[in-house]
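A structural walkthrough
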Amino acid sequence: MVKQHNSIKNKGLKKGLGLMFASICLIGCDSISTGYDDFIENSANEIDNSSQLTSVQADTSDEGSVMESSTDDFIDTRLVPEQSMVENALLAKEEITIDEQVFSLSQNFIQKQQAFEVSVDSIKMFEVEEFDESLASEFNFSTGKGSIVLLHATITNTSDETFYFPIEELRLSYPGAIIQNYPSAQLYPMESGNLAQILLANSGEMAPQTAVEGYLVYGIGREETEEILDLGSFYLTVVPPRQSLNEIVGLGSNPLGDELPLHLPINDENGQQLLLNTTYIQDRLTTEWWGNKEIIASEDLNASISTDDDVKITLLRAEVSDFTPHKSYEDAFQYFNYGQVIVSIEYEVTNNSKNDLLPIDGRASLVINGDEISDDYVLINEMYGKTLKPGDSYKVVKTFALDKMTYADYWQGEDVYISINVPTVEDSTGESSKTSETLSDEESVSEDLLAEEVLEESKIEYYADFVWSPSYQFFVDEAFELIPWSERENIQESEFDEDEEIDIDENSDEE
């Protein structure tokens, strides 16, 4: 349950910080087999232009966007064959000898960002016994052995604008890796369905509300394969799309999203955990998989407050979790001797004002049992400086790290007061500098200091306050272990009885 406090105010004197209908040329090439040639020819004649580059909205089609083959030798590279066909072609590839399948999983792992989604719904890993010298670079120049990962993936443009997705930057890696692996065109065994080829044919252009699917193949060297198998997972580095072809990938903040890892499993245990992670608020601990959460309380809230200037702040979700970091991230929590409890909130800022906002640069704070806790800037997984234009919305995640002992003694079971602020972009009209010059002449005060004071006064910040009364699932006991919330009264009564016995014994000794 959440209560809304209408205390949002404008406050001065505070400083805030294609379906990708792309004209894709059909590429002439030899087919793998006569049977596959027949399959391609028949299918290419039957499929609609939108069958492979799928529109999210069923009625969005674009006639003439695909060049039709003029000869029997041309193949529509966008045609996505059945996965069994790709696997069989990979096993039959003469340049490599595949020993056995190491892992197989058909589950949907998805990363949702501001303007796009990347999902992987099939993962296959094969052990490679040997490969031709011509493919050595595809296996990081490993000595004869390695592995191949075959993925079926879908990229979706969920925005209302055309963008350019850098599929060539979808690299495979793992924590501590020295080398990152790029999608391999040489290892892909067929002439159509290669997701990298499909997107690169039109510079990664994707129309609004469209999706493109296909397969990706990665070659991995022997040492890297051993480390991935030991970890039981790897990740794809997802780089956000560009708004234009002139933009440089990865430079500065991007309103479409951020560079984040999409973790994928290579064993069943990690598969279950990563699927569970998709249900949590996507804070940095979850997206970068710093460790595992056990939910203490979680709730969809969808509580909104609007300011006088029509900036709406909607508290979407909140969760409290007991967090156990992976060994490589334990140092980040070294000062929490008894463990840590994580509070994460997700909210959406809708800008109906005339001002440009900085949603990520805003701060959030909690007040629990009279103690104020600020959001942890280390745990943010987005870049500062993103501008929210009038008419747009943006979802923000803020995270708080709490000492587990303090939480157990003073904070659990209490209401959580949540305060959110959203600053505006600094005034760039030049009025501030003019005013400072006049004042400095009249009052003989430093021009720089006055300019800063005028800028402070010209800035506006928007505030929202909420109260969340969590429905707790677990209770942290005196040993800092989680027990069902319903059993807490038995624990508390037992502790009270022990205290009574101690008092009686002490009184007896005094007599």
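For the protein, the name recorded in an unreviewed UniProt entry is DUF4352 domain-containing protein, with Fundicoccus ignavus as its organism.

Counting 45 residues, the largest nonpolar core has Ile345, Leu402, Tyr407, Ile418 and Phe466 as the members making the most contacts within it. For isoleucine 418, the contacting residues outside a window of four places in its chain are Leu315, Ile345, Ser365, Leu366, Ala464, Asp465, Phe466 and Trp468. If you look at the next biggest cluster of nonpolar residues, it comprises 38 residues, including Phe109, Leu151, Leu199 and Leu264.

With respect to the element layout, leucine 245 can be found in the loop between β13 (233-238) and β14 (260-265). Residue leucine 245 is classed as partly exposed on the basis of its relative accessible area of 42%. Counting along the chain gives 81 residues from leucine 245 to tyrosine 164, while the straight-line C-alpha distance between them is 6.8 Å. In contact with leucine 245, other than residues within four places in its own chain, are Tyr164 and Ser203.

Here the focus is the confidence of the model for the protein. When pLDDT is averaged across the protein, the result is 81; 74% of the residues are at 70 or more. pLDDT under 50 marks residues 43-72. Its contacts with residues more than four places away, or in other chains, come to 53 contacts. Per-residue pLDDT stays below 50 along residues 427-442; that stretch engages in 14 contacts with residues further than four places along the chain or on separate chains.

A volume near 1,400 Å³ is recorded for the largest pocket. Forming the boundary of the largest pocket are 50 residues, of which Lys112, Gln113, Gln114, Ala115 and Phe116 lie nearest the centre. Only β6 (109-112), β7 (116-131), β14, α5 (268-277), α6 (284-287), β16 (311-325) and β20 (393-403) provide two or more residues apiece to the lining of the largest pocket. Formed jointly, the lining of the largest pocket draws a minimum of three residues from each of two domains, domain 1 (79-266) and domain 2 (282-428 + 460-490).

Taking strand neighbours across the sheet as the criterion, the three strands line up as β10-β13-β14 in an open arrangement whose pairing is antiparallel. Bordering the open sheet on either side are β10 (171-173) and β14, each of which pairs with just one other strand. In this sheet, adjacent strand axes meet at a mean angle of 30° when their direction is disregarded. Sheet analysis places β10 next to β13, joined by three bridges and oriented antiparallel. For leucine 172, the partnering residue across the bridge sits in β13 and is leucine 236. Packing of α5 onto the sheet brings it into contact with β13 and β14, and relative to β14 it is tilted by some 140°.

With that out of the way, let us pick up unusual backbone geometry. Leaving glycine out, the prevailing phi sign among residues is negative, and the prevailing peptide bond configuration is trans. The backbone of tryptophan 289 shows a phi angle near 50°, a positive value even though the residue is not glycine. With respect to the element layout, tryptophan 289 can be found in the loop between α6 and β15 (291-306). Phi angles above zero are rare outside glycine, and asparagine 302 is one such case at about 50°. Residue position: asparagine 302 is located in strand β15. Classification of asparagine 302 by relative accessible area gives exposed; the value is 53%.

Criteria and thresholds
Residues numbered from 1 in each chain as written. Predicted model: local features only at pLDDT ≥ 70, side-chain atom pairs only at ≥ 80, totals over all residues. Heavy atoms only, no water. Core = buried A, V, L, I, M, F, W, Y, C linked by side-chain atoms within 4.5 Å. Buried < 20%, exposed > 50% of the residue type's maximum accessible area, 1.4 Å probe, protein only. Contact = heavy atoms within 4.5 Å. Helix = DSSP H or I, 4+ residues; strand = E, 2+ residues; numbered from the N terminus. pLDDT = per-residue confidence, 0-100. 1 Å grid on protein atoms, 1.4 Å probe; cavity = no way out; pocket = protein on both sides within 12 Å on 5 of 7 lines; lining within 4 Å. Points joined across faces, edges and corners; volume = space filled by probe spheres on them. Domains from an automatic or database assignment. Pairing = 2+ DSSP bridges. Axes fitted to C-alpha atoms, helices over the stretch in contact; angles between N-to-C directions.

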